[in-house]
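Letter by letter, the chains look like this.
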Amino acid sequence: MEAAASPRMQRRRRKSRGRSQSLGIKLSTENQTLRVNRAGRAETTNQNGPEPTGHNSSSCSASLQVRMTSLLLPLLFLSPVVSIMAAPEPAGCKIRITDKGLELLKIETQRFVEEELSNISMPEMKGTEGRFQYTITDVKITELNLSHADLQFLPDVGLLFDVQNSSIALSFQRRILYWFFYDTGNINASADGVNINTAVNLIRDDGGRLKINNISCDAKIKKMRAEFSGTLGKIYDFLARFLTTGMRFFLNQQICPALNHAALVHVNAMLETIPVRSEVDHYIGIDYSLISDPVVTSRSLDMNFRGMFFDLSNQNQPLVNYAVEPIIREYDRMVYLALSEFFFDSGMFAYYSAGIFQMHIVNEKMPKDLEVLLRTTYFGTIMMMNPALVDAPLSLQLAVNSPPKTSIKTSGATVVMTAIVKVMVLPPGQPPVQLSSMTMEAKFNAKVSMRGKRLAVHADLRRFKIFSNQSALESLALIPLQAPLKTMLQMSVVPLINNWTKRGVRIPLADGMDFIEEVVEYHNGFIVIGANLHFSKGLREMMAGSSDIQPTASTAV
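Residues numbered from 1 in each chain as written. Predicted model: local features only at pLDDT ≥ 70, side-chain atom pairs only at ≥ 80, totals over all residues. Heavy atoms only, no water.

Enquirer: Would you explain the overall build of the protein in this entry?
Expert: Helix and strand counts for the protein come out as 10 helices and 25 strands. Counting all 557 residues of the protein, 43% fall into the buried class. Taking contacts inside the protein between residues at least 6 apart in sequence as the whole, the part at least 24 apart equals 67%. On the protein, roughly 30400 Å² of surface is accessible, and the fraction owed to carbon and sulfur atoms is 54%. (Helix = DSSP H or I, 4+ residues; strand = E, 2+ residues; numbered from the N terminus. Buried < 20%, exposed > 50% of the residue type's maximum accessible area, 1.4 Å probe, protein only. Contact = heavy atoms within 4.5 Å. Areas by Shrake-Rupley, 256 points an atom, 1.4 Å probe, with all protein chains shown as cover.)

Enquirer: What's the story with the sheet that holds strand 15 (residues 308-311) in this structure? I'm lost.
Expert: Each strand in a sheet pairs with another by means of backbone hydrogen bonds, the pair being arranged parallel or else antiparallel. Here three strands make up an open sheet; going across it, the order is 11-12-15 and the pairing antiparallel. Two strands in the sheet have a free side with no partner beyond their single neighbour: strand 11 (277-279) and strand 15. The mean angle between the axes of side-by-side strands here comes to 30 degrees, regardless of whether they run parallel or antiparallel. Two elements, strand 12 (residues 284-287) and strand 15, share four bridges in a ladder whose sense is antiparallel. For Gly 285, the partnering residue across the bridge sits in strand 15 and is Phe 310. (Pairing = 2+ DSSP bridges. Axes fitted to C-alpha atoms, helices over the stretch in contact; angles between N-to-C directions.)

Enquirer: Whenever I open this one, the packing of aromatic side chains confuses me. Can you help?
Expert: A ring pair, where both rings are aromatic, is described by two values, the distance of the centres and the angle of the planes. Under the definition given, this model contains five aromatic pairs. An angle of 80 degrees between the planes, with centres 6.4 Å apart, marks the rings of Tyr 288 and Phe 305 as edge-to-face. Taken together, the positions of Tyr 288 in the loop between strand 12 and strand 13 (295-296) and Phe 305 in strand 14 (residues 300-305) put the pair 17 residues apart, joining distant regions of the chain. Phe 305 shares its class with Tyr 288; the two are buried. Of the aromatic side chains, those joined through ring pairs into one cluster are Phe 309, Phe 343 and Phe 344. The ring of Phe 310 is capped by Arg 277, whose NZ or CZ atom sits 4.1 Å from the centre of that ring. (Phe/Tyr/Trp six-rings, centres within 6.5 Å; stacked < 30°, edge-to-face > 60°. Lys NZ or Arg CZ within 6 Å of the ring centre and 35° of its normal.)

Enquirer: Hey, could you run me through the environment of Glu 115 in this one?
Expert: Following the sequence through the fold, Glu 115 ends up in helix 3 (residues 99-118). When its relative accessible area of 30% is taken as the criterion, Glu 115 is described as partly exposed. Taking the C-alpha atoms as reference points, Glu 115 and Leu 144, 29 residues apart in sequence, are found 9.1 Å from one another.

In structure tokens:
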């Protein structure tokens, strides 16, 4: 029968076998092949010959089926779960400090290091050399020459402050006893070939702040010379080598601890003054916590911040960032600030959640021409309700019914807002009566500006439209109200919005550091502000100010 099968039947059988193989999962071992068919069952075949029959074979097949099913099912679901868990949180705000900004910071860092090293205190030195007994006191660093200092980025680590072939001048008092002779005087010493290599590791701490995690420091002084003054100054010259050796040893031991303390205590205290979660006004706050460790390359230091506003009455309300992550490609200026649509949308959402986008226009707030138009438009409705309400005051109630949305394009930024406008009549001593309800759609141009370290937005009304919620016929009747309502919006609502935003929000920079010469560039989905830096205070002043400030979650910005 098999031999007599037609060629057509043979082709059908081969096609059927191919289909069953393509719908299953095939795993091969040295002597067996395992197939998991589309029913989820495991089948094994022996590659060296027919599979033995019997109870042992059946048990092995069943056991293998259970094991493979338990192994395959987790693998099928693990891949999408891992990809979701591994997805990083997009940044709403980014700051890049370039090597040009580092040049300005180098000057302040060099001045700060000089001040720190000048405050080094040396212990009193006592000893005996032959018949000489000496005491060295009042060691002071009188001059530092760190002209060959450099500050640069250390990729994947942080910053490197490097001092090569510099010099330090010192002075100290001597008391020397030789037999019955007692002598005092001043000693001037100089240390040459001073090399200091300090690497600073920058991280994100548990609170989302930028922090110096640790410091690696290496300081060496190649040679030191001393000059004696006084009556027996020339006689003591042979002591110079002995004294300078000890002085060089002590100085080498003091440089790195001084720099470590300055960075880990003073600089970190200054970094703690940079707001992380703080209030913007009485309604909303902002979260500037870092979402990852800083990214350090040979040309820049990039910091990714959450950049999310929140309602002060509901600070833990979740808000997912679906916006395009901002990208900074430039290095020409000292610093760059990039803000995504999420940054602005979260601000709108926070104000909306706080109930700010509501307004009641009545009495003197109501423009006279608008009041006349409203009375004319709804005269028939009032008469049908109650003729006694003809002279009752009218009011408009505006309430935004969804969070405004921001759109950023290369042509600029716009904000779209939708609100419900209710026309009310206010009978004396009675509850308000609604005459009509209409939907208002408004589109604003948003101009972003930067001053110092405060970001501000100015809004201008670009497009305005109203339509009835009841019928298309009533929408036609509302056409005469378009112009006066638009004027009212420009005169009442837009100034109110700009009053909220003109004060601006502080960006995460330390006190004493400001943006100057700002240039705003609009991209698809985000804004990039390039600027240069200006220090209104030195690092020493900034750190001195930080000691008087205790940063809290309610520190106003």
